[in-house]
Amino acid sequence: GLDEVKQRILEYLAVMKLRLTPLPQTNNQQLTTNNSAHARAPILLLVGLVGTGKTTLAYSIAEALNRPIVRIPFGGMGSARDLRGQSRLHSEAEPGQIVKGLKQAGVKNPIMLLDELDRVADEARHDIMGVLVELLDPEQNKAFLDHYLDVPLDLSEVVFIATANNTNNIATAVMDRLEPISMPSYTDDQKIVIAKDYLLPKAREEAGVPPEALVFDNEAWPLIVRPLGFDAGIRTLQRTIQGLSRK
């Protein structure tokens, strides 16, 4: 599934790869590489309902690129200082989440997952969106300023991936710098495949149940997938299977 989403991501990765490939030689010019490619790394925004696999997809991209991934949760973030850090003049000062993430990753070109952009606290939304504009703009993030470090930091090689349930609470200036990709809801058939291959084995393992002790009939899956009506994601299905495993 998710063929259209995967295709869009592959296109972006292909463009990144091409921009780092030496340009063909013409008129006795030397081979040149477009090193500004880092600054044009795509900033993808995965938009979809709860449980449709946005965060999981970001981790899969990191695995495919063989880069470390750092997750920065925006849910309930109440101050722009959380992102940008606080001046060392204050006794309780510490670096922002961006610098902490780079330190945790140990490289200058990790995948940085900005999770749940639409869930920041209302009173801090304006300030946080202002920092995000600088963070996500390729012309500005070459010299991102963390107040704790107080020296410009080059973030142009970081690949940013953002997620959100909807785009209503994201500022227009931030949306201009993002490439939204809609995450579709799962069909019942897709859910059955996911449940058989991934959710059930994991739930059995978590419950300490041997594989032969819990076997589902094929006729039972449609009833398990849709017990109370349609659900876009797989969270309800996951909880149902975990409950059955515990029983």
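1. A closer look at the sheet that holds strand S2 (residues 69-73)
With parallel pairing, the five strands of this open sheet are ordered in space as S2-S3-S6-S1-S7. Two strands bound the open sheet, and with one partner strand each, they are S2 and strand S7 (179-182). The average angle at which neighbouring strand axes cross in this sheet is 20°, direction not considered. The sheet contact formed by strand S3 (residues 111-115) and strand S6 (residues 159-164) spans four bridges and is parallel. What sits directly across from Leu 114, in S6, is Ala 162. Lying on the sheet, helix H2 (residues 54-65) is in contact with strand S1 (44-47), S2, S3 and S6; it crosses S3 at an angle near 175°.

2. A closer look at the pairing of S6
A large share of S6 lies buried, amounting to six of its six residues. Along S6, one buried face is formed by Val 159, Ile 161 and Thr 163 and the opposite face, lined by Phe 160, Ala 162 and Ala 164, is buried too.

3. Side note on helix H5 (residues 125-136)
Helix length check: H5 (12 residues) gives 16 Å between terminal C-alpha atoms against 16 Å at 1.5 Å per residue, within 8%. Of all the positions in H5, only Arg 125, Ile 128, Met 129, Val 131, Leu 132, Val 133, Glu 134, Leu 135 and Leu 136 are classed as buried. Buried residues belonging to H5 abut helix H3 (81-84), helix H4 (97-105), S3, strand S4 (144-145), S6 and helix H6 (172-175).

4. Quick word on the nonpolar core
Formed by 35 residues in total, the largest nonpolar core has its most connected members in Ile 72, Phe 74, Leu 114, Ile 128 and Leu 132. Where this core is concerned, the elements lending two or more residues are S1, S2, H4, S3, H5 and S6. Looking at which element gives the most residues to this core, the answer is H5, with seven residues. In this structure Leu 132 touches Phe 74, Leu 114, Leu 117 and Val 174, once residues within four positions along its chain are discounted. The next biggest cluster of nonpolar side chains, apart from the first, holds 17 residues, and it includes Ile 9, Ile 61, Ile 69 and Met 183.

5. Details of helix H1 (residues 3-19)
In a regular helix each residue adds 1.5 Å, so 17 residues correspond to 24 Å; H1 covers 24 Å between its end C-alpha atoms and thus fits that length. For H1, the set of buried residues is Val 5, Ile 9 and Met 16. Each buried residue of H1 sits inside an arc of 25° when the element is viewed along its axis, so together they form one side. Projecting away from the buried face of H1 at angles above 90 degrees are the exposed residues Asp 3, Glu 4, Lys 17 and Leu 18. Along its buried surface, H1 packs onto S1, H2, S6 and S7.

6. Remarks on the packing of aromatic side chains
The final tally for this structure, using the stated rule, is one aromatic pair. When the centroid spacing of 4.9 Å and the interplanar angle of 35° are considered together, the rings of Phe 216 and Trp 221 count as tilted. Taking the relative accessible area as the measure of exposure, Phe 216 reaches 14% and is therefore buried. When the ring centre of Tyr 148 is taken as reference, the NZ or CZ atom of Arg 88 above it lies at 5.3 Å.

7. A short note on the pattern of salt bridges
Inspection of the entire model under this criterion finds nine salt bridges. Between Arg 84 and Glu 134 there is a salt bridge; the shortest N-O distance is 2.7 Å. With a gap of 50 residues between them, Arg 84 in helix H3 and Glu 134 in helix H5 connect regions that are remote in the sequence. For the pair formed by Arg 84 and Glu 134, the shared burial category is buried. When the shortest N-O distance is used, the salt bridge between Arg 119 and Glu 116 registers 3.6 Å. Judged by relative accessible area, which is 39%, Arg 119 ranks as partly exposed.

8. Quick word on the environment of Gly 85
Tracing the backbone shows Gly 85 in the loop between H3 and H4. Note: C-alpha distance between Gly 85 and Pro 22 (63 residues apart in sequence) is 38 Å. Residues contacting Gly 85, with those up to four places away along its chain left out, are Glu 94, Pro 95, Gly 96, Asp 146, His 147 and Tyr 148.

Rules behind the numbers
Residues numbered from 1 in each chain as written. Predicted model: local features only at pLDDT ≥ 70, side-chain atom pairs only at ≥ 80, totals over all residues. Heavy atoms only, no water. Pairing = 2+ DSSP bridges. Helix = DSSP H or I, 4+ residues; strand = E, 2+ residues; numbered from the N terminus. Axes fitted to C-alpha atoms, helices over the stretch in contact; angles between N-to-C directions. Contact = heavy atoms within 4.5 Å. Buried < 20%, exposed > 50% of the residue type's maximum accessible area, 1.4 Å probe, protein only. Expected span 1.5 Å × (residues − 1). Core = buried A, V, L, I, M, F, W, Y, C linked by side-chain atoms within 4.5 Å. Arc of directions from axis to C-beta. Phe/Tyr/Trp six-rings, centres within 6.5 Å; stacked < 30°, edge-to-face > 60°. Lys NZ or Arg CZ within 6 Å of the ring centre and 35° of its normal. Salt bridge = Lys/Arg side-chain N within 4 Å of Asp/Glu carboxyl O.

By themselves, these observations are geometric and do not establish any function.
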